[in-house]
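# A look at the structure
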Amino acid sequence: MADINDWQALSAKEVKGKDLNWQTPEGITVKPLYTAEDVSVDPGLPGFAPFTRGVRASMYAGRPWTIRQYAGFSTAEESNAFYRRNLAAGQKGLSVAFDLATHRGYDSDHPRVVGDVGKAGVAIDSIEDMKILFDGIPLDQMSVSMTMNGAVIPILAFFIVAGEEQGVPRAQLDGTIQNDILKEFMVRNTYIYPPEPSMRIISDIFGYTSREMPKFNSISISGYHMQEAGATQVQELAFTIADGMEYVKYGVASGLDIDKFAGRLSFFFAIGMNFFMEVAKLRAARVLWHRVMTQLGAKDERSKMLRTHCQTSGVSLQEQDPYNNVIRTTVEAMAAMLGGTQSLHTNALDEAIALPTDFSARIARNTQIILQEETGMTKVVDPLGGSYYIEALTSELVDKAWEIITRVEAEGGMAKAVAAGWPKAMIEEAAAGRQARVDRGDDVIVGVNKYRLASEDAIDTLEVDNHAVREGQIARIRAVKAARDEAACQAALAALTEGAKGSANLLELAVEAARQRATLGEISAAMEEVFGRYGTTPTPVKGVYGAAYAGDDRYQQVLDGVAAVSRRLDRAPRLLVAKMGQDGHDRGANVIASAFSDMGFAVTSGPLFQTPEEAAKLALEAGVDAVGASSLAAGHKTLIPKLIQLLRDAGRPDIKVVAGGVIPPQDYDFLREAGVQGIYGPGSNVVECAADMLRLLGHNMPPLGEDA
């Protein structure tokens, strides 16, 4: 019988000395062959501690995962109709996406949210909107997940009162609120208040829900946005578990019994294209959570049981050759299933450029239904359990994540680590490294940097009429305020402000304000009066992108071009990277700022959440030659033309404005007519973008790879 030495000799001969080991971005060396000698830990059985193989003994053989599609757009009426169509077609639970104005605690009539209302989620301004959102959807029978962190107090209050007014006691409400503010400060940035009062809000929600809402999950600790921001799977795993530890410690410090609330905590992970790594990541997460909860003093095994929702990766979706996204989503859905998720959202093929249409959402939903109904994959519990590779990879992830968790705890916990900024910097370094590998072609993306189509056919996409939605929302706000008992409403808001000064439960006070028809903006402002509003300016990493391009001829062409422009201007070319609107996702903006800095541009990174007026003022003060406007939330048709007009009005039409991010191709002509001089969607090569910028600045830049 052949042994491992025979195999090594044979494989070496077949590949003629090529090294078959693979180094992952996580720093894990993956061998081409795994044997029993690589497995050192017994994974146990499903349903038993430490739950490596699943949280239930029967897993999907007993009941499949919940198909929970994340959706919300435009008005409550439009979203409600979309939900009801999906439920009729086989979806099992709701997952609500709110617009960015709502996330940031602004009513739709606020001047800062002109371009954001209804664009990347549903606009919710009052209890009346929430009631419409769930009209005809019985809240005593439907599990509802809500992705909300900054404005979590008014949104949860509206949900509770909507249940009441539907005749459903809050004790019967079933679902999850994300309520994970630490990851907002780290990567997603849809925060409102500073860290300390934000953590108090989480403790208040733990306290209220543990007393009043026994079926409701009071937090969904989210790694999803970390991976979307560029984190490796080890970083996503470690920081998510560390966040969970911090929340549990805050809950205990506020006087709660750990076993009274910990069993209602849930998690949320991204599932990307590294198939086996993602399977192992979910298994490792369960091992780690059991370990940390035991250390924190939990006695009930349910408190130590990590239950998770997953979503296929948004970053892996590509604008180019978009039907490839169906395959990507299917692969990622299979990884989530084989990793043992409790619920799953599958992204639609068009979400790299727009909100999903009914057509694309149906394909995404049916991906899960087919996996459940046609493949036989649900018939066996943990089908990959016992795989030498999977078990070895699971152990490796546990060990590498534990190293980071140990550092976090040694430095005082995740809240202090986030304040120090090193987790965010670590993720941004990983993001810059990934972008460089894609641009160089080291990491293949089919249809983007390999097997690229000569021409792309346009696909139909969904567009929300932002102006019409905002006008409708403003009219409803006025009607709500006109019909309410104003004195009772103001008294409830004043009580909330006083409660914020003291130690009263903020959710309990907000529920009363919601009953009195206070708006989301008013409830948020009542707490902001005490807590203040938090804001930061990005500080992109330097040197990572450039280091990956050492010795690259095309990159050197750009460096030479920047040097030539610098000699002509007698200074480096100046670029403002602007984030307008209320979208906090800053991966793309930070990658551009990092890469262009490495290439010799003088880059100013604007603060998040700017208005066009603020961006124009900063551009003029910094004396920039160009502005790169980053758009991920469909506000580009409102915000970027306004910025261009303001620069013209200030006598600076010479400042070049380019746009990047999630922009449907059918909007390109509109933006060009408005004065945008370059448009760079998902999948754009950053070195090519820099070369194009040099051409816009008047440099005779030849196509990369050709001599000048």
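For every chain, the first residue of the written sequence is number 1, and numbering continues from 1 onward in sequence order. At least 70 in pLDDT is required for a residue's local features to be given in this predicted model, at least 80 for side-chain atom pairs to be given and counted, and no such filter applies to totals for whole chains, interfaces and linings, which use all residues. As a rule here, side-chain values come from all non-hydrogen atoms in the structure, and water together with hydrogens is ignored.

### Here's the deal with the overall build of the chain
Formally: Under the DSSP-based scheme used, a helix requires at least four consecutive residues in state H or I and a strand at least two consecutive residues in state E, with every element numbered from the N terminus. In this analysis, two residues are considered to be in contact whenever any of their non-hydrogen atoms come within 4.5 Å of each other. A 1.4 Å probe and the Shrake-Rupley method give the accessible areas. Residues count as covered only by the protein chains that appear here. Charge counting treats Lys and Arg as positive and Asp and Glu as negative, with His and both chain ends excluded. Taken as the charge centre is NZ of Lys, CZ of Arg, CG of Asp or CD of Glu, depending on the residue.
The helix and strand tally for the chain stands at 28 helices and 16 strands. When the backbone C-alpha atoms are referred to their principal axes, the chain occupies close to 80 × 75 × 50 Å. Intrachain contacts of the chain at a sequence separation of at least 6 include 79% that bridge at least 24 residues. Of the roughly 27000 Å² of accessible surface on the chain, 52% is carried by carbon and sulfur atoms. Taking the average place of the 70 positive charges on the side chains of the chain and the average place of its 90 negative ones, the gap between the two points comes to 1 Å.

### Looking at the nonpolar core
Within soluble globular proteins, side chains that are nonpolar generally end up buried alongside one another. Formally: For this analysis, a nonpolar core means a set of buried residues of the types Ala, Val, Leu, Ile, Met, Phe, Trp, Tyr and Cys, connected via side-chain atoms within 4.5 Å. Each residue is placed in one exposure class: buried if its accessible area under a 1.4 Å probe, protein chains only, is under 20% of its type's maximum, exposed if it is over 50%, and partly exposed if it falls in between.
F239, I241, Y247, W289 and M414 are the most contacted members of the largest nonpolar core, which has 78 residues in total. Broken down by element, the residue count for this core peaks at 12 residues, all from helix α12 (residues 275-295). Filtering out sequence-adjacent residues up to four positions away, M414 remains in contact with L182, M186, F239, A242, D243, E246, V408 and P423. In terms of nonpolar packing, the next biggest core, distinct from the first, is built from 57 residues, M142, L156, I177 and M213 among them.

### Comments concerning the domain arrangement of the chain
Applicable threshold: The split of the chain into domains comes from an automatic or database domain assignment. In protein, a polar contact requires one atom able to donate a hydrogen and another able to accept it; more generally it is a pair of N or O atoms within 3.5 Å, and residues adjacent in sequence count only if both atoms are side-chain atoms. Under the grouping applied here, Gly and all other residues not named as nonpolar or charged are polar, the nonpolar ones being Ala, Val, Leu, Ile, Met, Phe, Trp, Tyr, Cys and Pro and the charged ones Asp, Glu, Lys and Arg.
Parsing the chain into structural domains produces domain 1 (59-440) and domain 2 (544-697). The distance between the C-alpha centroids of domain 1 and domain 2 comes to 31 Å. At the junction of domain 1 with domain 2, the criterion picks out 14 residue pairs in polar contact (both at pLDDT 80 or more). Of all the elements in the fold, those that place two or more residues in the side of domain 1 that touches domain 2 are α7 (181-188), α9 (224-228) and α17 (422-440). With 11 residues, the top contributor of residues to the side of domain 1 that touches domain 2 is α17. Of the residues assigned to the side of domain 1 that touches domain 2, the class counts are 15 nonpolar, 10 polar and 14 charged.

### Quick look at the side chain of T519
Tracing the backbone through its elements, the reader meets T519 in the loop between α20 (506-515) and α21 (520-531). Residue classification places T519 among the buried residues on the basis of a relative accessible area of 0%. Here T519 is in contact with D107, D125, F158, I477, K481 and R484, once residues within four sequence places are set aside.

### Quick word on the environment of I405
For I405, the position within the fold is in helix α15 (residues 388-410). Between the C-alpha atom of I405 and that of E374, which follows or precedes it by 31 residues, the distance is 40 Å. Every residue in contact with I405, bar those within four places of it in the chain, is listed here: A238, I241, M245 and L288.

### With respect to a nonpolar patch on the surface
Keep this limit in mind: Residues enter patches when they are more than 30% accessible in relative terms and free of salt bridges; like-charged ones are connected within 9 Å and nonpolar ones (Val, Leu, Ile, Met, Phe, Trp, Tyr) within 5 Å. Salt bridges are counted wherever a side-chain nitrogen of Lys or Arg sits within 4 Å of a carboxyl oxygen of Asp or Glu.
A cluster of nonpolar side chains, namely V444, V446 and Y451, defines an oily patch on the protein surface of about 300 Å² accessible area. On the basis of relative accessibility, which here comes to 58%, the residue Y451 falls in the exposed class.

### Details of the pattern of salt bridges
Enumeration over the complete set of coordinates arrives at 44 salt bridges. Among the ionic pairs, R515 bridges to E164, the shortest N-O distance being 2.8 Å. Remark: E164 occurs in helix α6 (residues 152-165) and R515 occurs in helix α20; sequence separation between them is 351 residues. Ionic pairing is found between E391 and R283, a salt bridge with its closest N-O pair at 3.0 Å. With E391 in helix α15 and R283 in helix α12, the pair connects residues that are 108 residues apart, well separated along the chain. Each member of the pair, E391 as well as R283, carries the same accessibility label: buried.

### Thoughts on the packing of aromatic side chains
We apply this condition: The criterion for an aromatic pair is that two Phe, Tyr or Trp rings (for Trp, the six-membered ring) have centres within 6.5 Å, with stacked assigned to planes under 30 degrees apart, edge-to-face to planes over 60 apart and tilted to the rest.
Here the structure, examined in full by the defined rule, presents 20 aromatic pairs. Aromatic side chains Y191 and F609 sit 6.0 Å apart centroid to centroid with 90 degrees between the ring planes, which places their arrangement in the edge-to-face category. With Y191 in the loop between α7 and α8 (195-212) and F609 in the loop between β13 (602-605) and α25 (612-622), this pair connects stretches of sequence that are 418 residues apart. On the basis of relative accessible area, Y191 is assigned to the buried category, the value being 0%. Judged by relative accessible area, F609 falls into the buried class, the value being 5%.

### Here we look at the packing of α25 against helix α26 (residues 636-649)
The criterion, for reference: Every axis corresponds to a line fitted to the C-alpha atoms, with the helix fit spanning only the stretch in contact, and the corresponding angles, defined between N-to-C directions, vary from 0 to 180 degrees. Oblique is the label for any angle not under 35 degrees, not over 145, and not in the 65 to 115 range, which are roughly parallel, roughly antiparallel and roughly perpendicular in turn. Here is the rule for handedness: rotate from the far helix to the near one, and if that takes an anticlockwise turn smaller than a right angle the crossing is left-handed, while a clockwise turn gives right-handed.
At a minimum axis separation of 9 Å, α25 and α26 run at an interaxial angle of 45 degrees. Compared by their axis directions, α25 and α26 come out oblique. α25 and α26 meet at a crossing whose hand is right-handed. Across the interface between the two elements, P612, E613, A615, A616, A619 and L620 of α25 pack against L639, K642, L643, L646 and L647 of α26. Residue classes in the contact of α25 with α26 are distributed as nine nonpolar, no polar and two charged.

### What to know about helix α3 (residues 76-88)
Structurally, the α-helix is built with 3.6 residues per turn, so residues lying three or four positions apart point the same way. Cut-off, in case you're wondering: A helix is expected to reach a length of 1.5 Å times the quantity of its residues less one. Throughout, the arc means the angular range of directions from the helix axis out to the C-beta atoms.
Between its first and last C-alpha, α3 extends 18 Å over 13 residues, near the 18 Å set by a 1.5 Å rise per residue. All buried positions along α3 are accounted for by A76, S79, N80, F82, Y83 and N86. For α3, the buried positions fall inside an angular range of 165 degrees around the axis, keeping them on one side.

### Observations regarding the pairing of strand β10 (residues 308-312)
As a reminder of what qualifies: A strand pair is defined by DSSP finding two or more bridges across the two strands. By definition, the crossover connecting two strands over a helix is right-handed if that path, from the first strand to the second, turns clockwise as seen with the strands pointing away from the viewer.
Most of β10 is tucked away, with five of its five residues classed as buried. The alternating pattern of β10 places T308, C310 and T312 and H309 and Q311 on opposite faces, both of which are buried. Bridge count between strand β9 (residues 265-271) and β10: five bridges; the pairing is parallel. Bridge assignment links F268 to a residue of β10, and that residue is H309. Between the parallel elements β9 and β10, the chain passes through α12 in a crossover that is right-handed. Taken together, the three bridges between β10 and strand β11 (residues 343-345) define a ladder with parallel strand orientation. Residue pairing in the sheet places C310 in a bridge with L344 of β11.

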